[in-house]
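Examining the three-dimensional arrangement
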Amino acid sequence: MLRIIFRFFIISFSVFVLWFFIHSLFITVDGLSDEGQKADLAVILGSKVNEDGTLSTRLEKRLESGVALYNNHRIKKILVSGGLGKEGFYEGNKMKEFLITKGIPDSLIFVDNLGNNTRATINNTIQLRSKFHFNSIIVVSQYFHVTRTKKLFIQKGIQNVSSVSPSYFEWRDLYSILREFPAYYTQ
């Protein structure tokens, strides 16, 4: 009997590891893919603002991706979404400041300072849909995060969702990939 239980455990564990590997490979490939689509709106998800008010490198790279989308005429408007960080800055406001310094017109940038997490960003964006009249979105975030974000937008009725991620990688991406696995299935 112990042998059967052990065998069941080994098979179950192997299936789980395979599932995790395939999922992680899928979100990585999907997150790094850019099919060059155009959209009405880019939604740039927030990240850390440093204690001195400067942007973390990760956040700056996301915003540079948004600037490139605008400069290449792939988007019409930009929504920056983030919350109030423990450092005391609203991510959305700091993101908008950065975009303006890069030549994006103030009138084309919308700020969501209540996007404290992915789910909040999705819900807040959907609430703005009737006001800003958008039917397509390009999600801008790190590669490991875009698959789940696109899935949540699709669940909320936005069918035309694509993504762009910056070419920026950190060691903490490994942790983030681990975190995305349960997050994808629980949200």
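Described below are features of the structure shown in this document. (Residues numbered from 1 in each chain as written. Predicted model: local features only at pLDDT ≥ 70, side-chain atom pairs only at ≥ 80, totals over all residues. Heavy atoms only, no water.)

**Description of the overall build of the protein chain**
- Within the protein chain, the regular secondary structure consists of seven helices and five strands.
- Secondary structure elements in the protein chain, listed N-terminal to C-terminal, are α-β-α-β-α-β-α-α-β-α-β-α.
- Along the first, second and third principal axes, the C-alpha atoms of the protein chain reach 70 × 40 × 25 Å.
- Counting all 187 residues of the protein chain, 47% fall into the buried class.
- Counting every atom, the protein chain has about 10,400 Å² of accessible surface; 59% of that belongs to carbon and sulfur.
- In the protein chain, 23 side chains carry a positive charge and 16 a negative one; their mean positions are 7 Å apart. (Helix = DSSP H or I, 4+ residues; strand = E, 2+ residues; numbered from the N terminus. Buried < 20%, exposed > 50% of the residue type's maximum accessible area, 1.4 Å probe, protein only. Areas by Shrake-Rupley, 256 points an atom, 1.4 Å probe, with all protein chains shown as cover. Lys, Arg positive; Asp, Glu negative; His and termini not counted. Charge placed at Lys NZ, Arg CZ, Asp CG, Glu CD.)

**Observations concerning the packing of aromatic side chains**
- Throughout the structure, instances matching the rule amount to 11 aromatic pairs.
- For the pair Phe-16 and Trp-19, a centre-to-centre distance of 6.2 Å together with 90° between the ring planes defines the contact as edge-to-face. Taken together, the positions of Phe-16 and Trp-19, both in helix H1 (residues 2–32) and three residues apart, correspond to about one turn of that helix.
- Looking at Trp-19, the relative accessible area reads 41%, which means it is partly exposed.
- Feature note: the residues Phe-16, Trp-19, Phe-20, Phe-181, Tyr-184 and Tyr-185 constitute an aromatic cluster, connected by ring pairs.
- Above the plane of the ring of Tyr-184 lies Lys-151, whose end atom (NZ or CZ) is 4.3 Å from the centre. (Phe/Tyr/Trp six-rings, centres within 6.5 Å; stacked < 30°, edge-to-face > 60°. Lys NZ or Arg CZ within 6 Å of the ring centre and 35° of its normal.)

**Remarks on the pattern of salt bridges**
- Scanning all chains against the criterion turns up nine salt bridges.
- The shortest N-O distance in the salt bridge between Glu-97 and Lys-94 comes to 3.4 Å. Highlighted residues: Glu-97 and Lys-94, both in helix H3 (residues 91–101), separated by three residues, approximately one helical turn.
- A relative accessible area of 17% means that Lys-94 is categorised as buried.
- Notably, a salt bridge pairs Glu-180 with Arg-148, separated by 2.7 Å at the nearest N-O pair. (Salt bridge = Lys/Arg side-chain N within 4 Å of Asp/Glu carboxyl O.)

**Section: a nonpolar patch on the surface**
- On the surface, Phe-6, Phe-9, Ile-10, Phe-13, Phe-16, Val-17, Trp-19 and Tyr-185 cluster together to form a nonpolar patch covering roughly 830 Å² of accessible area.
- If one sorts the elements of the nonpolar patch by residue count, H1 sits on top with seven residues.
- By the element assignment, Phe-9 lies in helix H1. (Patch = residues over 30% accessible without salt bridge, like charges linked within 9 Å, V, L, I, M, F, W, Y side chains within 5 Å.)

**Focus on unusual backbone geometry**
- With a phi close to 60°, His-73 is a non-glycine residue in the positive phi region.
- For His-73, the location among the structural elements is in the loop between helix H2 (57–71) and strand S2 (75–81).
- The backbone of His-133 sits at a positive phi, close to 50°, despite the residue not being glycine.
- Along the chain, His-133 turns up in the loop between helix H5 (129–132) and strand S4 (136–140).

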